[in-house]
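# Report on the structure
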Amino acid sequence: MAGASDILIKPIITEKMTEAGEDLNQYGFIVDQKANKIQIRNAVEEMYGVTVESVNTMRYSGKARSRYTRAGIIKGNENSFKKAVVTLMEGDSIDFYSNI
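Going along each chain's sequence as written, the residues are numbered from 1 onward. Local features in this predicted model are restricted to residues of pLDDT 70 or higher, and side-chain atom pairs are both shown and tallied only at a pLDDT of 80 or more, whereas totals for entire chains, interfaces and linings draw on every residue. Note that the side-chain values use all heavy atoms of the structure and ignore hydrogens as well as water.

Mapped onto the elements, N56 comes out in strand β3 (residues 52-60). Residues N56 and V85, 29 residues apart in the sequence, show an inter-C-alpha distance of 5.2 Å. For this analysis, residues touch if any pair of their heavy atoms sits within 4.5 Å. If we ignore the near neighbours within four places in the chain, the residues touching N56 are K37, K83, A84 and V85. Strands are runs of DSSP state E lasting at least 2 residues, helices are runs of H or I lasting at least 4, and numbering of each runs from the N terminus.

Shown next, in the form of structure tokens:
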């Protein structure tokens, strides 16, 4: 089984997720696309020392993008990714801003 750092790619730090963390005790992560909910739960508990109540996952497909430049049209794709929203037990919290 992969380590916690292999499963959790990065936390999602946006206004919406920060508010969910304060109000609903939920935190978002970009995770490995092959990771299942049990692996995500174990990785969060191992890395942050908290107790996870539930894990919700969602997959986002990559989208085609194009931009117009002086040299012409540049076409490319966004990457697809998997997002996990982790709900912690009452009393637990994760502080992403402590090591900045």
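On to the layout of surface pockets. What the largest pocket holds in volume is close to 170 Å³. Along its surface, the largest pocket is lined by 13 residues, and T18, Y27, I94, F96 and Y97 are the ones closest to its centre. Looking at the lining of the largest pocket, the elements with two or more residues in it are α2 (15-24) and β2 (26-31). Considering each element in turn, the lining of the largest pocket owes the most residues, four residues, to α2. Buried and open spaces are told apart on a 1 Å grid over the protein atoms alone, a cavity being a set of points where a 1.4 Å probe fits but cannot get out and a pocket being an open set with protein on both sides within 12 Å along at least five of seven lines. Residues with an atom within 4 Å of a point are the lining residues. Grid points are joined across faces, edges and corners, and a volume is the space filled by probe spheres set on the points.

Our focus in this paragraph is the pattern of salt bridges. Salt bridge criterion: a side-chain nitrogen from Lys or Arg within 4 Å of a carboxyl oxygen from Asp or Glu. A complete count under the given rule lists one salt bridge for this structure. Two residues, R65 and E78, come together in a salt bridge whose shortest N-O distance is 3.0 Å. Taken together, the residues R65 in strand β4 (residues 64-69) and E78 in the loop between β5 (72-77) and β6 (81-88) connect sequence positions 13 residues apart. Throughout, exposure labels follow a simple rule: accessible area from a 1.4 Å probe, protein chains only, divided by the maximum for the residue type, with under 20% read as buried, over 50% as exposed, and the rest as partly exposed. The class of R65 is partly exposed, set by a relative accessible area of 46%.

Here the focus is the nonpolar core. Core analysis: the largest hydrophobic core is formed by 18 residues, its most contacted members being F29, I40, V44, V86, L88 and I94. Every element with two or more residues in this core is listed here: α1 (4-7), β2, α3 (37-48), β3 and β6. Apart from residues no more than four positions distant in its own chain, L88 is found in contact with N25, Y27, V50, T51, V52, E53, S93 and I94. Within the second largest apolar cluster, five residues are counted, among which are I12, M17, I30 and V85. Throughout this description, the term nonpolar core refers to a set of buried Ala, Val, Leu, Ile, Met, Phe, Trp, Tyr and Cys residues connected via side-chain atoms within 4.5 Å.

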